[in-house]
Amino acid sequence: MMKRTSTGTGTAAGSVTALRVCPLCEATCGLELRITDGRVTAARGDAEHVFSRGYLCAKGASLPQLLGDPDRLRRPLLRDRATGEHREVDWDEAFAAVHAGLRRVVSAHGPAVVAAYLGNPNAHSMAGAQHRPAFTRALRTRAVFSASTVDQMPMHVACGLVFGHPSLIPVPDLDRTDHLLMLGANPAVSNGSLCTAPDFPGRLAGIRARGGRVVVVDPRRTRTAALADEHLPIRPGTDALWLFAIVNVLATEGLVRPGPLAAHLSGADSVAELAAPFTPERVAASCGIPAETTRRTARELAAAPRAAVYGRMGTTTVEFGTLTSWLTIALNAITGNLDVPGGAMFGRGAHGRADRVPGGRGGGRGWRTGRWHTRVRGLPEVMGELPAAALAEEMDTPGDGRLRALFTIAGNPALSTPDSARLAAALAQLDFMVSVDPYLNETSRHADVVLPPADPARVGHYDFALGALAVRTVATYSPPALPPYPGGMAEHDILARLTLIALALAAEPADADATTDAELPVEDPRPADAAVWTDTAVAAFHEYLIEEALRRAVTEPGSPVAGRDVAELGALVDGDGAPERLLDIALRTGHFGDAFGARPGGLSLATLWANPHGIDLGPLEPRIPAMLRTASATVELCPDPIVADAARLRAALDAHEAAEGREPSMTPGSPEAPESPGLTLIGRRHLRTNNSWLHNVPAMARGRDRCTLLVHPDDAARHGVRDGGSARITSTAGSLDVRVQVSDEMMAGVVCLPHGWGHGLAGTRMSVAAGHPGVNTNILTDSSRIDPLSGTAVLNGIPVWIGPVG
Ligand SMILES: Nc1nc2c(c(=O)[nH]1)N[C@H]1C(S)=C(S)[C@@H](COP(=O)(O)OP(=O)(O)OC[C@H]3O[C@@H](n4cnc5c(=O)[nH]c(N)nc54)[C@H](O)[C@@H]3O)O[C@H]1N2
Ligand SMILES: Nc1nc2c(c(=O)[nH]1)N[C@H]1C(S)=C(S)[C@@H](COP(=O)(O)OP(=O)(O)OC[C@H]3O[C@@H](n4cnc5c(=O)[nH]c(N)nc54)[C@H](O)[C@@H]3O)O[C@H]1N2
Ligand code: SF4
Ligand SMILES: [Mo]
């Protein structure tokens with residue numbers, strides 16, 4: 001195949017443009033980058049991109065500053081354990097240090113004491129999808145943690161139980177719905193999550209322009225609430241009660257109408273039974289929503305021709321996160337809005353696999369959690385991962401199996417996960433730590449070796465993770481906009497080398513008592529005794545990945561290339577490097593693929609190259625029952641773990657009613673209950689932030705202080721704090737001093753602090769961020785409070801006390 005060039009047409013003198021999908025959030029906007037003198041000098045929306053049509057936000061526009069950030073690491077760093085200082089080294093020295101450090105830990109204690117933490121940007125790179133999984137498997141450890149358990153894991157669990165696979169997550173069909181009931185989401189700022197839709201705000205406006213209705217349920221009057229027809233303030237953590245009350249109204253008023261889905265649904269009657277105790281009147285005080293409003297909301301939902309219920313962070317990172325996520329699915333199902341246009345539908349990436357029996361009945365083995373447990377608290381594994389809330393205790397609690405080494409890949413758990421003070425201390429006392437990260441930040445400052453990947457302009461891009469969550473099926477491939485810089489290394493090449501090191505160590509004899517029961521699911525492609533991370537070994541590893549992908553494709557049921565010859569297909573694979581070749585295989589063997597010639601006109605890498613503004617494969621289509629993976633081949637609407645958790649919710653409501661008179665609300669916030677804290681804490685995001693890592697970009701840092709505590713005027717008066725003054729905020733986990741911003745956006749009894757701040761720590765190298773550090777709200781997050789079914793930390797709805805400082 002001919003080598004293709006990436007940069008496009010010339011513009012102003014000396015400049016060219018290149019197209020690139022933005023890697024910063026889930027909206028996947030097409031950008032047009034201007035490149036001058038080998039640098040990205042400007043970014044604007046790609047007006048011709050089939051999905052985003054020119055939309056971009058302030059973060060996308062700041063990409064040139066991010067790429068050119070002088071603090072961005074371009075060479076590996078090695079840490080001197082005596083001084084704590086990091087110094088630049090070459091790649092060979094860095095990988096040699098990884099090899100030696102990992103060998104020291106694994107030969108003494110076995111691979112089970114090595115942990116990995118995978119952060120959010122893994123969902124936004126090809127390397128995260130293509131190379132990262134082999135690395136964590138090669139580590140042979142069960143101690144894999146990720147940002148999912150401070151994010152969307154409850155939705156995975158709900159979908160795993162109901163549909164039989166945790167990745168089958170329905171998304172609101174924004175462009176065709178007449179009614180959107182949105183809980184705990186602020187897409188006007190976040191640009192959407194678990195729902196990929198560039199220009200989310202424009203699409204919300206579209207619903208209203210069509211005569212539809214948008215209802216936002218949120219303790220704060222957010223930008224999104226301001227765009228809606230109606231805003232219902234709700235007490236943090238009580239959405240499960242409220243959604244059950246909606247089900248209760250539908251059931252008692254004869255409004256349960258699953259429609260054609262009924263044929264593929266089991267357990268719908270049990271949902272109504274579960275909801276029986278939760279009347280609108282009973283939950284009103286806890287939720288802060290009058291019973292009449294709840295009844296009206298239920299009737300409006302039932303009456304809308306096409307409606308979707310959608311919940312995000314405010315519904316997942318709460319005490320009943322899985323139950324709440326499940327309720328959104330259940331409501332869509334019993335109102336006849338699941339898997340129909342305008343309702344909640346299943347996305348499918350352009351590379352997505354074919355459903356098992358095309359057009360036929362699905363079915364599978366079902367899905368479960370708890371295949372292994374954490375050492376200290378016995379918390380169950382979910383999707384092969386352990387809760388981030390347990391990371392610190394697994395590292396700092398003495399005993400057999402204590403975690404002694406850690407790899408962080410694209411993560412900043414020191415700011416992003418619970419009980420940060422304890423976690424920072426635990427990171428500091430690890431035997432060995434490696435961070436794959438472009439910044440020396442609050443997490444990587446603890447790393448013995450920091451491996452910085454080349455920036456996104458220098459690698460290709462295709463959205464593997466987000467395609468399945470998009471409101472339309474769209475495919476865009478962005479080739480590297482710039483050549484590799486001298487001495488830089490792409491993330492996939494870093495991960496390939498780390499995998500080779502882990503595989504080589506697996507082949508070495510270990511100490512007698514350092515045993516593991518984990519088998520080795522990745523083959524070491526090198527000949528015996530070959531050097532570990534040479535270019536030749538990397539090439540062999542890439543060949544192995546490509547062959548594996550083909551082997552899987554020819555054996556998978558329903559695959560359009562089932563039964564064909566791996567060597568025959570291998571000769572047809574297109575693309576310049578391993579990431580492109582793996583993408584070509586995924587595209588061509590997927591649902592829309594050309595099946596390596598068997599389906600002319602189907603997708604391949606070549607068709608993506610020919611369409612640089614993306615290919616639109618149309619709106620979502622119904623997929624039940626063929627996509628189902630439950631044992632019964634039905635939507636199992638009332639699985640046992642959900643029934644049990646509904647009993648836990650009922651018990652919580654009963655307990656609070658028993659305490660009636662002393663404490664009129666299930667959540668803290670009542671002055672009549674002095675033993676309970678005064679207030680509940682929730683989080684927020686800002687247009688110019690991206691979790692913890694854009695605060696070093698000058699355009700993102702400019703302007704007013706954003707790390708403020710929002711307090712309702714009545715609460716400010718009651719607790720003696722004033723606008724612009726300092727307050728001390730205290731939870732069961734820790735205490736912070738923070739600047740107060742009095743705001744009637746807040747529901748009374750609820751205060752709000754953003755996450756991702758707390759910069760300027762010793763040993764970090766983020767000069768802009770250090771100039772406006774803010775405070776780390778996760779010092780207040782109590783790692784003992786989790787949603788038990790998913791292990792997800794309670795980040796929203798934290799009981800806190802506040803008072804003036806001094
Ligand atoms: N209190 C509270 N805490 C929260 C949240 C909240 O709402 N409230 N939100 C949670 C959510 S939703 C999430 S997703 C998590 C995020 O948790 P994390 O993923 O742990 O944290 P991020 O701040 O996203 O850090 C991303 C890291 O990746 C690095 N990075 C950026 N690009 C690349 C790349 O291309 N390759 C590599 N290798 N590294 C890269 C950055 O420098 C940074 O160190 O935070 C969670 N924490
Ligand atoms: N600008 C910007 N965009 C981002 C990010 C960012 O940091 N900055 N992060 C990205 C990431 S990783 C993610 S996961 C997404 C998250 O995307 P979203 O979930 O849309 O973003 P949040 O701002 O966390 O919105 C959660 C909302 O829930 C509300 N809330 C809190 N507690 C409750 C509750 O108990 N019930 C209800 N009903 N509401 C509650 C909060 O007030 C808040 O408005 O955003 C992504 N996009
Ligand atoms: S909305 Fe998201 S994808 Fe679009 S430009 Fe902004 S950060 Fe990038
Ligand atoms: Mo997230």
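Residues numbered from 1 in each chain as written. Chains lettered and ligands numbered in written order. Predicted model: local features only at pLDDT ≥ 70, side-chain atom pairs only at ≥ 80, totals over all residues. Heavy atoms only, no water.

A. Layout of the domain arrangement of the chain. What the domain assignment lists for the chain is domain 1 (8–67), domain 2 (77–141 + 387–461 + 477–524), domain 3 (153–363 + 627–643), domain 4 (535–605) and domain 5 (662–804). Spacing between the C-alpha centres of domain 2 and domain 4 amounts to 29 Å. Counting residues at the interface gives 14 residues for domain 2, matched by 12 residues for domain 4. Summed over both partners, the interface of domain 2 with domain 4 comes to about 1,200 Å²; 70% of that surface belongs to carbon and sulfur atoms. Counting the surface domain 2 buries against domain 4, the share from its top three residues, Gln130, Tyr477 and Leu500, is 38%. Remark: the boundary between domain 2 and domain 4 carries 1 salt bridge. Note that arginine 497 and aspartate 535 form a salt bridge whose closest N and O atoms lie 2.7 Å from each other. For the pair domain 2 and domain 4, the number of links is 4 residue pairs in polar contact (both at pLDDT 80 or more). (Domains from an automatic or database assignment. Contact = heavy atoms within 4.5 Å. Buried area = accessible area lost by both parts, 1.4 Å probe. Salt bridge = Lys/Arg side-chain N within 4 Å of Asp/Glu carboxyl O. Polar contact = N/O pair within 3.5 Å; in protein donor to acceptor, adjacent residues only side chain to side chain.)

B. Looking closely at the sheet that holds strand β17 (residues 449–451). Strands sit in the order β5-β4-β17-β16-β15-β6-β7 across an open sheet of 7 strands; the sheet is mixed. Because the sheet does not close on itself, it has two edges, and the strands there are β5 (86–88) and β7 (144–146). Going across the sheet, the axis of each strand differs from the next one's by a mean of 20°, ignoring polarity. Of the strand pairs in this sheet, strand β4 (residues 77–79) and β17 are connected by 2 bridges, and their pairing is antiparallel. Bridge assignment links leucine 77 to a residue of β17, and that residue is valine 450. (Pairing = 2+ DSSP bridges. Helix = DSSP H or I, 4+ residues; strand = E, 2+ residues; numbered from the N terminus. Axes fitted to C-alpha atoms, helices over the stretch in contact; angles between N-to-C directions.)

C. Just the packing of aromatic side chains, in detail. Using the criterion set out here, one finds 10 aromatic pairs in the structure. Following the ring pairs from residue to residue traces out a cluster consisting of Trp91, Phe95 and Trp533. Lying across the ring of tyrosine 485, arginine 74 places its NZ or CZ 6.0 Å from the centre. (Phe/Tyr/Trp six-rings, centres within 6.5 Å; stacked < 30°, edge-to-face > 60°. Lys NZ or Arg CZ within 6 Å of the ring centre and 35° of its normal.)

D. Fine view of the sheet that holds strand β2 (residues 30–36). Read across the sheet, 3 strands follow the order β1-β2-β3 without closing on themselves; strand pairing throughout is antiparallel. This sheet does not close on itself; its edge strands, each paired only once, are β1 (15–21) and β3 (39–45). Taking each pair of neighbouring strands and ignoring which way they run, the sheet shows an average axis angle of 30°. Two elements, β1 and β2, share 7 bridges in a ladder whose sense is antiparallel. For leucine 19, the partnering residue across the bridge sits in β2 and is glutamate 32.

E. Summary view of the site of ligand 1. Near ligand 1, the surroundings consist of 28 residues, among which Tyr117, Asn120, Ser416, Asp437 and Ser692 are the closest. In the model, an oxygen atom of ligand 1 is placed 2.7 Å from a nitrogen or oxygen of the tyrosine 117 side chain. Asparagine 120 places a polar main-chain atom, nitrogen or oxygen, 2.6 Å from an oxygen atom of ligand 1. Relative to its free-state accessible area of 910 Å², ligand 1 is covered by the protein chains to the extent of 94%. (Near = heavy atom within 4 Å. Areas by Shrake-Rupley, 256 points an atom, 1.4 Å probe, with all protein chains shown as cover.)

F. Looking closely at the pattern of salt bridges. This model, assessed by the stated rule, comprises 40 salt bridges. For aspartate 448, the salt bridge goes to arginine 79, with nearest N and O atoms at 3.8 Å. Taken together, the residues span a long stretch of sequence, with aspartate 448 in the loop between β16 (432–436) and β17 and arginine 79 in strand β4 at a distance of 369 residues. On the basis of relative accessible area, arginine 79 is assigned to the partly exposed category, the value being 21%. Note that glutamate 281 and arginine 295 form a salt bridge whose closest N and O atoms lie 3.0 Å from each other. On the criterion of sequence distance, the pair formed by glutamate 281 in helix α12 (residues 280–287) and arginine 295 in helix α13 (residues 291–303) is long-range, its members being 14 residues apart. Judged by its relative accessible area of 45%, glutamate 281 falls in the partly exposed class. Among the charged side chains, a network of salt bridges with common partners joins Glu253, Glu281, Glu292, Arg295 and Arg299. (Buried < 20%, exposed > 50% of the residue type's maximum accessible area, 1.4 Å probe, protein only.)

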